[in-house]
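# Geometric and topological summary
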Amino acid sequence: MEKGQLLYQGKAKELFQTDQPDLIWVEYLNQATALNGAKKDQIKGKGELNNQITSLLFQRLDEKGIRSHFVEQISETEQIIQAVDIIPLEVVVRNIAAGSFSKRLAIPEGTPVKFPIVEFYFKNDELDDPMIIEDHIKVLDIATDEEITTLKTMALAVDEALSELFDEIGIILVDFKLEFGRTKEGTILLADEISPDTCRLWDKVTNEHLDKDIYRRDLGDLIPVYQEVLNRLKGEKKMYFVKVYVTYKDSVLDPQGEAVKGAVHRLGYDTIEDVRIGKYFEIKVAKSNRPIEEMIEEICDKLLANVNMETYRYEISTMEEV
Ligand code: UDP
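With an unreviewed UniProt entry as reference, the protein is termed Multifunctional fusion protein, source organism Enterococcus alishanensis. Of the protein, the UniProt comment under Subunit (unreviewed entry) reads exactly: "Part of the FGAM synthase complex composed of 1 PurL, 1 PurQ and 2 PurS subunits."

This is the structure:
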């Protein structure tokens, strides 16, 4: 397939024509923006991660019968999508109070909402994307009654599917934003992207942000966090490799060590001052929410070392470093 003319330059993506009229070539960019573009930065690696996460999520949703414009991921940063006319609405679904909802209604962040809420915002930069109600959508001819119902039904179906998927990998889907488009035939398809840029994702155990709030609120480096979301989605477990060395305490006589020292001396190596014999363990541990150091020390104390006579030390590395 040939990449053609630039059709649309967005904040986070560029859309190009292809040699097939119904297909669009999308390139995910490294640009991060917040506060409607007032805060802007280039973050190397972000485009790749959002492309991979979005591609994976659109495929999972398709398996659940929720159709999107996604056709194929063709490179680390590129996708082919079906051409649709984007409906100028941001459809936000909320499971837990956060962000603008918390501010507007003075509901503390983290408060669960009774049932998933669907909100509509008018995609219009000049107006700063105001929230709009269904009658506004109809009066402005943005969508028909029937289409609004379809948008709400699809948004809630996405919420159910994604909440379950994220829950399985230890992540709470707090809220998210969707966009939809119409095909030539008028079918409504899920469009745009679904990534940590467009969702609030909190770690189930620690409640840490695994999303763009890291950038919006200056909480640190966004790349390892987005990578963590992708790894969990791909089912890739981070593994630790631990080396444990157990030896007699200095104050305890090591008869085997003494015997070896004697033998070494008899071979003529009389500069050998001391020999202590110990035990060595290699342990592989899947990453979990328990601090690894705490767990290893517990295992050593309970099993690997006799703490009255022996002492231990350990080295931890991640499997990639081994
Ligand atoms: N969101 C988005 N694009 C926007 C506005 C919101 O992707 O232009 C997402 C945002 O990441 C969050 C959800 O929609 O997951 C709800 O956002 P909210 O209304 O709380 O706005 P914010 O706090 O981002 O201003």
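### Considerations on the UniProt feature "domain: SAICAR synthetase/ADE2 N-terminal" (unreviewed entry) in the protein
Taken from the UniProt record, the annotation "domain: SAICAR synthetase/ADE2 N-terminal" (unreviewed entry) applies to residues 6-232. For residues 6-232, the helix share is 31%, the strand share is 34%, and the end-to-end C-alpha distance is 34 Å.

### Some details on the layout of surface pockets
The calculated volume of the second largest pocket comes to roughly 680 Å³. For the second largest pocket, the lining is made up of 22 residues, of which Glu228, Arg232, Lys287, Ser288 and Asn289 are closest to its centre. For the lining of the second largest pocket, the element with the most residues is helix H6 (residues 222-233), which contributes five residues.

### What to know about the packing of aromatic side chains
For the structure on display, the rule yields two aromatic pairs. With a centroid separation of 5.2 Å and an interplanar angle of 35°, the aromatic rings of Tyr245 and Tyr280 are classed as tilted. Of this pair, Tyr245 sits in strand S15 (residues 239-248) while Tyr280 sits in strand S16 (residues 278-286), and the two are 35 residues apart along the sequence. We classify Tyr245 as partly exposed; its relative accessible area is 25%. Residue Tyr280 is classed as partly exposed on the basis of its relative accessible area, which comes to 40%.

### Considerations on the side chain of Asp211
Tracing the backbone shows Asp211 in the loop between strand S14 (199-203) and helix H5 (213-216). Buried and unpaired, Asp211 has no salt bridge, with Arg216 as the nearest side chain of opposite charge at 4.9 Å. Within the structure, Asp211 has its side chain in polar contact with the backbone nitrogen of Leu201 (distance 2.8 Å). Excluding anything up to four places from it in sequence, Asp211 contacts Pro196, Cys199, Arg200, Leu201, Trp202, Val225 and Tyr226.

### A short note on the site of the ligand
The full set close to the ligand counts 15 residues, and Arg94, Ser100, Asp175, Arg200 and Arg216 are the nearest of them. For the ligand, an oxygen atom lies 2.7 Å from a polar atom in the side chain of Arg200. Listing elements by their share of the shell around the ligand, those giving two or more residues are strand S9 (89-96), helix H2 (99-105), strand S12 (171-182) and S14. Of the residues that constitute the shell around the ligand, the class distribution is five nonpolar, three polar and seven charged.

### Description of the pairing of strand S2 (residues 13-18)
Bridge count between strand S1 (residues 3-9) and S2: four bridges; the pairing is antiparallel. Paired with Gln9 across the strands is Glu14, a residue of S2. Joining the antiparallel neighbours S1 and S2 is a turn of three residues. Looking at chain direction, S2 and strand S3 (residues 23-28) are connected through five bridges and run antiparallel. What sits directly across from Lys13, in S3, is Tyr28. Where S2 folds back onto S3 in an antiparallel hairpin, the turn is made up of four residues.

Cut-offs used in this document
- Residues numbered from 1 in each chain as written.
- Predicted model: local features only at pLDDT ≥ 70, side-chain atom pairs only at ≥ 80, totals over all residues.
- Heavy atoms only, no water.
- UniProt positions renumbered as here; feature names shortened; annotations may be inferred.
- Helix = DSSP H or I, 4+ residues; strand = E, 2+ residues; numbered from the N terminus.
- 1 Å grid on protein atoms, 1.4 Å probe; cavity = no way out; pocket = protein on both sides within 12 Å on 5 of 7 lines; lining within 4 Å.
- Points joined across faces, edges and corners; volume = space filled by probe spheres on them.
- Phe/Tyr/Trp six-rings, centres within 6.5 Å; stacked < 30°, edge-to-face > 60°.
- Buried < 20%, exposed > 50% of the residue type's maximum accessible area, 1.4 Å probe, protein only.
- Lys, Arg positive; Asp, Glu negative; His and termini not counted.
- Salt bridge = Lys/Arg side-chain N within 4 Å of Asp/Glu carboxyl O.
- Polar contact = N/O pair within 3.5 Å; in protein donor to acceptor, adjacent residues only side chain to side chain.
- Contact = heavy atoms within 4.5 Å.
- Near = heavy atom within 4 Å.
- Nonpolar A, V, L, I, M, F, W, Y, C, P; charged D, E, K, R; others polar.
- Pairing = 2+ DSSP bridges.

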